Structure formats: structure tokens, C-alpha cells
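Okay, here's what each chain looks like letter by letter:
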Amino acid sequence: MARFAATYAPLAILALLWELVSRSGVVSQYALPPLSTILAAWGDLLADPDYYRNIVASVLRGLAGLSAALVLGIALGTSMATWRSVNLTIGPIVQLFYPLPKSALIPLTIIWFGIGDSSKVFLIFLGCFLPISTATFNGVRGVERTLIWSAASLGANGWARLRDVAVMAAIPDILAGVRTALALTFVLLVSSELLISNEGIGFLIRIYGDGSQYPKMFACTFTVMLLGFLADRCFRRLSGHLLRWRT
Amino acid sequence: MNGLPATAAAEAAIEISGLNFEYETAGQQKVRALDGIELSIAKGEFVSILGPSGCGKSTLLYIVGGFVPFNQGSIIVEGRPLAGPGPDRGVVFQQFALFPWKTVQQNVLYGMEKQRVPKAERLERAARLIREVGLAGFEDSFPSQLSGGMRQRAAIARTLAVDPSILLMDEPFGALDAQTRSIMQEQLLEIWRSTGKTVLFVTHDVREAVYLSQRVVLMTKRPGRIKEIVDTDFEKGGEFAGGKRFDDTVEYIWNQVKAEIGASHG
């Protein structure tokens with residue numbers, strides 16, 4: 001109970017301050033609507049099927065891009081760590097593209113894939129692919145050789161050694177990469193939807209902003225925050241489960 | 001005891017001849033780690049390899065394991081030229097090398113899964129081995145939850161699960177405390193006697209080598225050559241109560257090793 005209070009007291013104080021500042025007229029209510037107004041607007045949205053449709057669209061885009069990056073990133077990272085030739089060929093390309101902010105590619109993805117789902121999924125995939133493949137590469141490279149040798153002497157073939165040992169041993173590193181990728185997913189998802197799209201939570205933020213419906217715009221921003229919070233919780237659950245063998 | 005040195009090739013578990021091994025350092029210099037190794041190990045024999053650190057004794061074991069490719073020479077394992085790692089040669093490492101994300105039982109099951117042993121038999125054999133190495137009740141523990149001795153017992157059970165005819169052991173008790181080590185040595189001897197497996201055992205501990213094995217292969221400092229092979233196949237009362245012949249042999253070998261360490265500083 002005390003812990004509950006300690007966790008949520010700062011949030012309550014922040015909410016109270018927000019309400020007071022907005023109501024007192026220190027700042028314009030357009031710029032910062034009172035929290036109670038925002039919550040009321042959020043209540044309206046919750047009764048609107050369109051709101052859910054847009055959330056689902058965004059979540060599916062995020063999941064699709066992240067999953068594709070996960071599968072291909074682990075495959076590339078493992079290959080680069082295993083075969084020198086792959087590393088020599090792909091390594092420089094990875095290093096070149098790693099520092100590029102992927103949001104700079106938004107216009108290009110629009111030209112290639114249009115304003116619908118594919119441009120967003122592709123952008124998220126691009127953004128998440130490199131952190132995941134780099135983390136996998138480092139993890140697989142660091143696998144103790146005696147683990148691989150043990151598997152070999154127990155009868156595991158090359159493929160089984162990669163799948164059962166190299167990738168499994170790299171899971172702590174891969175998860176660190178996924179954590180970065182998860183944050184990037186939200187950044188890229190919302191920014192690409194804000195710029196050009198026809199649905200999604202970022203799209204809602206934009207049209208409510210353009211239409212001067214600021215309480216609803218704020219409510220949608222809160223929605224993104226909540227989604228991010230939930231995603232982080234899921235990630236922690238998953239990583240706690242996958243790393244349960246560590247004490 | 002039955003472990004006389006091999007006389008006929010058909011009797012040999014491992015035949016190493018003219019083995020050289022070189023590796024390249026980061027500065028692209030060639031370093032010869034093993035030079036002209038000739039060694040024949042009979043089926044069912046217990047042989048230790050002893051030498052100063054850096055003499056290449058572990059490398060020799062890794063080569064026989066098929067993990068490290070060699071440059072020159074030939075190695076015949078049970079009548080067939082060595083070709084990579086395989087379940088005929090089980091390996092036990094000093095740092096256990098258990099799969100940390102698998103439980104004790106899953107570790108022991110892994111090799112049998114790869115060998116496509118039927119499920120019922122897998123589970124039955126795993127349960128028996130875990131019991132035999134004294135880990136009953138720890139089937140679902142992860143390696144991180146076990147002591148060093150328990151981890152090494154789990155690793156031995158994992159190796160025995162695929163029933164290799166040869167055991168390659170790389171300082172397997174080097175990371176254990178004295179009591180655990182002595183218990184493990186007794187268990188290993190018991191396993192060896194009851195299964196008749198061939199054991200190639202790398203150690204830097206002279207008493208351990210003399211106590212456990214029938215022959216001790218002494219190696220020189222780098223480049224590792226075989227300096228001498230000492231017959232240690234006599235009755236021993238125990239590692240620390242081995243009798244006069246035991247003590248004399250230990251002292252003799254120890255002097256040889258000291259001479260090598262001295263030579264490397266000379």
C-alpha cells in the first residue's frame with residue numbers, strides 16, 4: 001500500500017499542478033487544456049469505434065514492422081557472426097546505415113509504398129532491423145566456444161548448433177536490442193503517421209490538432225504514452241521469462 | 001587391470017601419429033603449439049596428459065575432440081580417421097559448459113534428442129543418470145542455482161547420456177574445492193571401471209594424474225612434444241595414501257615438470 005502511494009503520489013501531484021496551472025489562466029487553455037477537460041475528451045473517444053480502429057491500425061503496423069525486424073535481424077546478426085564472408089560483405093553497409101535517423105526516410109517510404117500500411121511497416125522494420133541485428137551479432141560473437149563444442153559432441157549439426165546454442169546464448173544481448181527497437185517503433189510509427197497517413201493514432205493526433213480539438217489531441221497523445229507503457233510491461237514480462245535461468 | 005598400452009592397431013581407441021599444430025597470432029606470426037605427437041591409447045585405457053601451462057595439452061584434447069583442425073599428421077579414432085566432433089567422444093570441460101538456459105534435466109536430454117533416442121527412453125535414461133551422479137531432486141534447477149561440484153556432475157551426466165566410448169576431460173575438476181574434487185575423482189574411477197570407457201584426461205595436477213590414470217603423458221613446454229610416458233598402472237591406496245611407489249612416481253613426475261617450467265624461464 002505504501003509502495004503504491006509512493007509510486008503514484010508524484011503522478012497525482014503532477015496532475016494537480018497541471019489542472020491548477022491551466023485553470024488559473026497562467027497559460028492559454030488552448031495550449032494546455034485542463035486535465036479534467038482532456039480526460040472528459042478521452043471519455044468521449046472511448047465511446048467512439050473510430051478511436052479503436054485507429055489504435056488497432058497503429059498497433060498492427062508496429063507489431064508487423066517489429067516482428068519482421070526481429071526475424072530478419074536475428075538471422076542477419078547470427079549469419080554475420082558465424083560466417084566471415086557475410087560479415088565482410090554486409091558489415092560496412094550496416095555501419096553506414098546505423099547512424100542514419102530512419103525518420104529521414106519517411107518521404108522515401110511514401111514514394112515507394114504510398115501512404116498506407118506498407119510505408120509505415122517498412123519504416124519501422126528499417127529502424128528496428130539494425131539495432132536487433134547488431135545486438136544479435138555481438139551476442140553470438142560472444143558465445144563461449146565450449147558451449148558450441150559441447151553441442152557438437154552431443155551430436156548437434158551446424159544448424160542445430162546455431163539455433164539451439166548460439167542464438168539461445170545471445171538472448172540477453174538480443175533482448176537489449178529489442179528494447180531499443182521497441183522505443184524506436186513508437187517514434188517511427190507516430191512520426192510517420194503524423195506526417196502522412198490515413199489512419200492510426202498519429203493520424204488522429206494530427207487531425208485533432210489541425211481541427212483545433214486540443215483536448216482530444218492530448219487524449220490521443222496520452223493514448224500513445226499508455227501504449228508505450230503497456231508495451232514496456234509486456235517486454236519486461238517476456239524478458240523476465242526468457243532470462244529466468246539467470247539468478 | 002586390463003589397460004595395457006595398445007599393441008595392435010585394432011585395439012587402439014585413439015592413434016595419433018606425426019601430429020603438428022600451428023596457429024597464427026594476431027600479428028600473423030606462426031606459432032607451433034604441438035610438435036610431432038605420437039600417442040596410442042588402448043580401448044578402455046585411462047591416460048592423463050600433464051605438462052606446464054601453455055604446453056598445448058588442452059589443444060591436443062580439442063584436436064582429438066574434432067573442435068580444432070590440425071595441420072599435419074593423422075588421428076585414427078576407433079579405426080576411422082578423425083572427422084570433426086561426434087558423440088563417440090564425449091567432452092567434459094573445466095568450466096562445465098552446461099547450457100545455462102536449460103535445466104539439469106534438459107541439459108542431460110539434449111544429446112539424446114539430437115541422437116533421436118525415443119522419448120520414453122530419453123526420460124528414463126536421464127532420470128537414471130541424474131540419480132547416479134547424485135542430483136536427484138535437482139532435475140528442474142538451472143545451472144546457476146547449483147554449486148560447482150553439482151554443475152560438473154550435471155555436465156558428466158549430460159556427456160554420459162549419449163554413451164560415448166571415449167571421454168575427453170579438460171581439467172574437469174580444476175575449478176572445484178578439494179573435498180568435492182576428491183569425491184568426483186572416486187565417482188569418475190567408478191564410472192570408468194563399470195563402463196570400460198576410454199578416458200583421456202588433461203590436468204596440471206601431478207597427484208591427480210598419477211592417482212587416476214594408468215599412464216601419464218608428460219609434455220614439454222611450447223612447442224608441446226611428448227617428453228616421456230610414465231606407467232602409473234599399479235595398486236593405489238588413495239590419492240593421499242597411495243604408498244611408496246605412488247609417492248615415488250609423483251615425485252619423479254613432479255621433478256620432470258619442474259625441470260620443464262625451469263627450462264621455460266631459462
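What you see is a predicted model; the values in this text were computed from it and never measured. (Residues numbered from 1 in each chain as written. Chains lettered and ligands numbered in written order. Predicted model: local features only at pLDDT ≥ 70, side-chain atom pairs only at ≥ 80, totals over all residues. Heavy atoms only, no water.)

In this structure, what is going on with the overall build of chain B? I would like to understand it.
Along the backbone of chain B there are seven helices and ten strands. Over its C-alpha atoms chain B spans a radius of gyration of 19 Å, differing by no more than 12% from the 18 Å that the globule rule assigns to 266 residues. Expressed as lengths along the three principal axes of its C-alpha atoms, the size of chain B is roughly 55 × 45 × 40 Å. Looking at chain B as a whole, 53% of its 266 residues are labelled buried. Taking as baseline every contact in chain B between residues at least 6 positions apart, the subset at least 24 positions apart corresponds to 70%. (Helix = DSSP H or I, 4+ residues; strand = E, 2+ residues; numbered from the N terminus. Rg over C-alpha atoms; globule rule 2.2 N^0.38 Å. Buried < 20%, exposed > 50% of the residue type's maximum accessible area, 1.4 Å probe, protein only. Contact = heavy atoms within 4.5 Å.)

Where do I start with the packing of helix 10 (residues 201–210) of chain A against helix 11 (residues 214–242) of chain A in this structure?
When two helices pack together, you describe them by how their axes are tilted relative to each other and by the distance separating the axes. Residue and element names in this part refer to chain A. Packing of helix 10 against helix 11 brings their axes to within 8 Å, and their N-to-C directions diverge by 160 degrees. Considering their axes alone, helix 10 and helix 11 lie roughly antiparallel with respect to each other. In terms of crossing hand, the pair formed by helix 10 and helix 11 is left-handed. Within the contact between the two elements, helix 10 uses Ile201, Leu204, Ile205, Tyr208 and Gly209 and helix 11 uses Tyr214, Lys216, Met217, Cys220, Thr221, Thr223 and Val224. (Axes fitted to C-alpha atoms, helices over the stretch in contact; angles between N-to-C directions. Parallel < 35°, antiparallel > 145°, perpendicular 65-115°, else oblique. Left-handed = near helix turned anticlockwise from the far one by under 90°.)

Even after reading the chapter, I still don't get the confidence of the model for chain B, so can you show me in this structure?
The predicted coordinates should not be examined in detail at positions where pLDDT is low. All names here are of chain B. Of all residues in chain B, 93% attain a pLDDT of 70 or more, and the chain-wide mean is 89. The secondary-structure element of chain B with the lowest mean pLDDT is helix 7 (residues 244–265), recorded at 83, while helix 2 (residues 104–114) shows the highest, at 96. In the predicted structure, residues 1–9 sits below a pLDDT of 50 and forms 17 contacts with residues beyond four places in sequence or in another chain. In the model output, the complex is listed with pTM 0.86 alongside ipTM 0.89. (pLDDT = per-residue confidence, 0-100.)

What exactly am I supposed to notice about the nonpolar core here?
Soluble globular proteins tend to bury their nonpolar side chains together. All names here are of chain B. In this structure, Ile14, Ile16 and Leu200 are the most contacted members of the largest nonpolar core, which totals 79 residues. The residue makeup of this core includes at least three contributed by each of domain 1 (1–88 + 167–266) and domain 2 (94–163). For Leu200, the contacting residues outside a window of four places in its chain are Ile14, Ile41, Val47, Ile49, Leu61, Val64, Leu167, Leu168 and Met169. Val104, Val108, Phe173 and Val206 belong to the second-largest nonpolar core, a separate cluster that totals 47 residues. (Core = buried A, V, L, I, M, F, W, Y, C linked by side-chain atoms within 4.5 Å. Domains from an automatic or database assignment.)

In this structure, what is going on with the sheet that holds strand 1 (residues 12–24) of chain B? I would like to understand it.
Think of a sheet as strands paired side by side through backbone hydrogen bonds, with each pair either parallel or antiparallel. All names here are of chain B. As summarised here, the arrangement of the four strands in space is 2-1-4-5, forming an open sheet in which the pairing is antiparallel. Edge positions in the open sheet fall to strand 2 (30–42) and strand 5 (80–81), since each of these has one partner strand only. In this structure, strand 4 (residues 72–77) lies alongside strand 5, joined through two bridges in antiparallel fashion. Within strand 5, the residue paired with Val77 across the bridge is Arg80. Those strands touched by helix 1 (residues 57–65) are strand 1, strand 2 and strand 4, and its axis lies near 115 degrees from that of strand 1. (Pairing = 2+ DSSP bridges.)

Explanation requested: the packing of aromatic side chains in the structure shown.
Each pair of aromatic rings is reported with the distance of its centres and the angle of its planes. Residue and element names in this part refer to chain B. A complete count under the given rule lists 23 aromatic pairs over all chains for this structure. Ring centres of Phe46 and Phe201 lie 5.8 Å apart, and the angle between their planes is 45 degrees; on these two criteria the pair is classed as tilted. Highlighted residues: Phe46 in strand 3 (residues 46–50) and Phe201 in strand 8 (residues 198–203), separated in sequence by 155 residues. Residues Phe99 and Tyr110 carry aromatic rings whose centres are separated by 5.2 Å and whose planes lie at 70 degrees to one another, so their mutual orientation is edge-to-face. Placement of Phe99 in the loop between strand 6 (89–92) and helix 2 and of Tyr110 in helix 2 is noted, with a sequence separation of eleven residues between them. Overall, the relative accessible area of 0% leaves Phe99 in the buried class. (Phe/Tyr/Trp six-rings, centres within 6.5 Å; stacked < 30°, edge-to-face > 60°.)

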